[in-house]
Amino acid sequence: MIGQLIVEGLAIGACYGLFAIAVVIIYKTSEVINFGQGEMAMFSTFVAYHILTYYAVPFWLAFLLTLGFAALLGVAVEYLFLRPAKNPSILGLIVITLGAEMLLMGLASWKWGAEQKAFSLPWSYASIYEPFPGIIVSDWAIAVFLTAGVIVALLYVFFRYTRLGIAMRATQQNQNAAKIMGIRTERVFAFAWGLSSLIGTVAAMFFAARATLDPSFMMEPFLRAFAAAVLGGLTSIPGVLIGGEILGLIENLFGYMWPQWKPIVAFVIIVLVLCVRPSGLFSRHFTKKV
Amino acid sequence: MDMKRDYYEDIRLFGSGVILFWSLVLLAFLYTLPLYLPSYRFYLLNLILVHVILAVGLNVLVGYTGQISLGHAGFFAIGAYATTLLMTRLEVPFFPALLAAAFIAAAFGFLVGLPALRLEGPYLSIATLGFGLTITHIIGHMQIFGGRTGIQAPPLDLGIPQLGWSFILETDQGKYYLILTITVLMVLGAINLMKTRVGRSFVAIRDSDIAAEVMGVNLMVYKTLSFAVSAFYAGIAGGLFGFILGFFNPEPFNLILSIVFLVMVVVGGLGSTFGSIAGAVLITWLQFDLLKNIAETPLVGPLLLDISNRWFTVVGLENFNSIILGLVMISIVLFEPLGMFGVWIRVKKYWRTWPF
């Protein structure tokens, strides 16, 4: 029983971690917490649903089209809503991203209605294996583990070895110095938003396949993912994935004992982590200069 | 212009005789409003007044102290449930129950303010957001709070029923007079508060908390106090809100409501009580009246229905208000960061020197 809980916790934790990576990519480059992250991913998942339902295309084509749409959506949100803001305050940035959230949620429920829909991936939650007695693993969980692993590996290579990845790290460390070095920081921001929206959409598709698809289905996963990101430290990508796994485990074990209070575990963890160790488990402490 | 020559001028409640005169005219108009307005509009007016109380309180926290809260729907819910439960279970008369509920909300505000000592910006917003969701989750899962089905607010009795002296407000107009009186008192209280030592400490914390601490402002006391004051206002507003709805469940106190509250303050203009009032009136009217019934509006309604039929869904049109709200939020930050108060200042400046 406990083994089964751990496997399920790790699977959902990988999903949280994947989505938390999307949050962190934006935070790392532009120091904005994107409250619209969940809704950007929700909207793209609805696009995938629309393509799959109304046009008879193979899943892989729909998947690629959706990823392209997600990247464009991320770039569009950055270009239209964040770039025109001149020297915005932190509250201003929060209000802008919340505004994007409300806008996308309203558009999605206007277009597709607010009722729940079924969304399925080729890796079903129902087809299961039993590698060890008592431990059941579904296709869905295997796909989540593989996707998360591949994406983290790709991101590691990207941030370590490519010019664009290094430019993104430079922008995060010091925006003005990066500009002097000839990096077009605006383009780097737009790219970060596109990349983050793309990764968020992949995670959202897994969430939708596990539950159902409706305009507010990403609200709770976003908050869990944010808790995972805080746990991991908001700056290190492997740390965030580990944070997601820890959160998934705690939540699943806790939810087994007190199923009623499962939804609030994440917030208790957020508050505890922020109070005890504000910089997260895997990142250096950042002190503000006066 | 608005030059202050001595300290007394700075702490006066009304800046000039002109402002005092027009405030009194406005009050007289508001108190005689039932003479001119059809009675079905008073539900909306009550809602607006309750939101004015809450927005003024939230402005103390967000606009003056510079702390962010996305959990005010939680304090609002605490006020509503505490008032109703105190009146039905413990049979406390209305006014003590409302005050007690507000103090309970303030105690929770103090608790939420404690993590705020170490957090700022986005972290604080997430922590408060978690608080709001946790409160509604707890209310939804405890039988004493009526669970998901909800509870019935008692009749709004201003007297003390145990002494055989009762004065029950039944109509929306009756409630309107009560809520209007409380709103005026709360708004005056907020304006007054900002002219005291406490208010100036809040502003100092907003401008630079380190500098404020160096100047001798006790951050621990004043940050938590700001949360408590703001939650107190939300508690009063929530207590009145319960009576407007009559029967309520945790559903309306969701995250969207917290966002709407924040939008009221931002749209009205941060750090301006007048702005918060204007923002609360505008956003409440948009969200809960005009855009809710957008399909029945002449001219725009049929056009939107046509668009819905062709490209969208007609059932989804009721979510049109969140599209407009999102656009309002984004454009206010991009084009008018000072909100409606900023527009007012600019108009005033322009006409003061007109025609030059």
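Please read all numbers here as calculations on a predicted model, not as lab measurements.

1. A closer look at the overall build of chain B
Consideration 1: Of regular secondary structure, chain B possesses 16 helices and four strands.
Consideration 2: What you see for chain B is a C-alpha radius of gyration of 21 Å, in line with the 21 Å of a compact globule of 356 residues.
Consideration 3: Principal-axis analysis of the C-alpha atoms gives chain B an extent of 55 × 55 × 45 Å.
Consideration 4: Taking as baseline every contact in chain B between residues at least 6 positions apart, the subset at least 24 positions apart corresponds to 75%.

2. Regarding the interface of chain A and chain B
Consideration 1: The partner chain B presents 36 residues to the 38 residues of chain A that form the contact.
Consideration 2: Every element with two or more residues in the side of chain A that touches chain B is listed here: α4 (90–112), α9 (219–232) and α11 (265–276) of chain A.
Consideration 3: The element that contributes the greatest number of residues to the side of chain A that touches chain B is α4 of chain A, accounting for 18 residues.
Consideration 4: When grouped by side-chain class, the residues that make up the side of chain A that touches chain B number 31 nonpolar, six polar and one charged.

3. A few points about the environment of S226 of chain B
Consideration 1: Along the chain, S226 of chain B turns up in helix α11 (residues 219–245).
Consideration 2: Ignoring any residue separated from it by four or fewer positions in sequence, one finds S226 of chain B in contact with V60, L61, T65, Q67 and F202 of chain B.

4. Let's talk about the confidence of the model for chain B
Consideration 1: On average, residues of chain B carry a pLDDT of 87, and 99% of them reach 70 or more.
Consideration 2: At the level of chain-chain contacts, confidence expressed as ipTM amounts to 0.88, with global pTM at 0.90.

5. A closer look at the nonpolar core
Consideration 1: Core analysis: the biggest nonpolar cluster contains 203 residues, and C15, A203 and I270 of chain A together with A105 and V263 of chain B have the highest contact counts within it.
Consideration 2: Per-element accounting of this core gives the leading share, 17 residues, to helix α8 (residues 185–210) of chain A.
Consideration 3: Beyond its immediate sequence surroundings of up to four residues, I270 of chain A is in contact with A227 and V230 of chain A together with I126, A127 and G130 of chain B.

6. Observations concerning the pairing of strand β1 (residues 128–132) of chain A
All names here are of chain A.
Consideration 1: Here β1 lies mainly on the outside; zero of its five residues are buried.
Consideration 2: Here three bridges tie β1 to strand β2 (residues 135–138), and the two strands are oriented antiparallel to one another. When the sheet's bridge partners are listed, F132 is paired in β2 with I135.
Consideration 3: The antiparallel hairpin formed by β1 and β2 contains two residues in its connecting segment, where G134 sits at a positive phi of about 90°.

7. Some words on α11 of chain B
Each turn of an α-helix holds 3.6 residues, which means side chains three or four residues apart point in the same direction.
All names here are of chain B.
Consideration 1: Taking 1.5 Å as the rise per residue, α11 with 27 residues should run 39 Å; its terminal C-alpha atoms sit 38 Å apart, in good agreement.
Consideration 2: For α11, the tally of buried residues reaches 22 of 27 residues, placing the bulk of the element in the interior.
Consideration 3: Residue G246 follows α11 closely and has a positive phi angle near 85°.

8. Quick notes on unusual backbone geometry
Consideration 1: Between W354 of chain B and P355 of chain B the backbone carries a cis peptide bond, its omega angle lying at 5°.
Consideration 2: Within the secondary structure, P355 of chain B sits in the segment after α16 (339–352).
Consideration 3: The backbone of E31 of chain A sits at a positive phi, close to 55°, despite the residue not being glycine.
Consideration 4: Here E31 of chain A shows up in the loop between α1 (2–30) and α2 (37–54).
Consideration 5: One non-glycine residue with positive phi stands out, namely E91 of chain B, at about 55°.
Consideration 6: Assignment of secondary structure puts E91 of chain B in the loop between α5 (72–89) and α6 (94–116).

9. Some details on the environment of L169 of chain B
Residues and elements named next belong to chain B.
Consideration 1: The residue L169 is located in strand β3 (residues 168–169) in this model.
Consideration 2: Look at L169 and you get partly exposed, because 18 C-beta atoms sit within 10 Å.
Consideration 3: L169 sits 12 residues away from D157 along the chain, and the two C-alpha atoms are 6.4 Å apart.
Consideration 4: Once residues within four sequence positions are removed from consideration, L169 is found in contact with L156, L158, G174, K175 and L178.

10. A short note on the packing of helix α4 (residues 42–64) of chain B against α11 of chain B
All names here are of chain B.
Consideration 1: Contact pair α4 / α11: the axes reach a minimum separation of 7 Å and the direction vectors enclose 170°. Taken as axis vectors, α4 and α11 run roughly antiparallel relative to one another. Within the contact between the two elements, α4 uses Y43, N46, L47, V50, I53, L54, V56, G57, L58, V60 and L61 and α11 uses S226, F227, V229, S230, F232, Y233, A234, I236, A237, L240, F241 and I244.
Consideration 2: Broken down by class, the residue content of the contact of α4 with α11 amounts to 19 nonpolar, four polar and no charged.

11. Side note on the environment of L70 of chain B
Residues and elements named next belong to chain B.
Consideration 1: The residue L70 is located in the loop between α4 and α5 in this model.
Consideration 2: Remark: the alpha-carbon pair of L70 and F131, spanning 61 residues in sequence, is separated by 8.6 Å.
Consideration 3: Sequence-distant contacts of L70, defined by excluding residues within four places in its chain, comprise S125, T128, L129, G132, S258, I259 and L262.

12. What about the confidence of the model for chain A?
Consideration 1: Mean pLDDT for chain A: 86, with 97% of residues reaching 70 or above.
Consideration 2: Within chain A, the lowest mean pLDDT, 77, falls on β1 of chain A, and the highest, 93, falls on helix α3 (residues 59–82) of chain A.

13. Here's the deal with helix α15 (residues 320–335) of chain B
Consideration 1: Here α15 of chain B spans 22 Å end to end across 16 residues, near enough to the 22 Å set by a 1.5 Å rise per residue.
Consideration 2: Among the residues of α15 of chain B, those classed as buried are F320, N321, S322, L325, G326, V328, M329, I330, I332 and V333 of chain B.
Consideration 3: On the buried face of α15 of chain B, the contacting elements are α3 and α4 of chain A together with α12 (255–268), α13 (273–290), α14 (300–310) and α16 of chain B.

Each value, and the rule that gives it
Residues numbered from 1 in each chain as written. Chains lettered and ligands numbered in written order. Predicted model: local features only at pLDDT ≥ 70, side-chain atom pairs only at ≥ 80, totals over all residues. Helix = DSSP H or I, 4+ residues; strand = E, 2+ residues; numbered from the N terminus. Rg over C-alpha atoms; globule rule 2.2 N^0.38 Å. Contact = placed C-beta atoms within 7 Å. Nonpolar A, V, L, I, M, F, W, Y, C, P; charged D, E, K, R; others polar. pLDDT = per-residue confidence, 0-100. Core = buried A, V, L, I, M, F, W, Y, C linked by C-beta atoms within 7 Å. Buried ≥ 20, exposed ≤ 12 C-beta atoms within 10 Å, placed from the backbone. Pairing = 2+ DSSP bridges. Expected span 1.5 Å × (residues − 1). Axes fitted to C-alpha atoms, helices over the stretch in contact; angles between N-to-C directions. Parallel < 35°, antiparallel > 145°, perpendicular 65-115°, else oblique.

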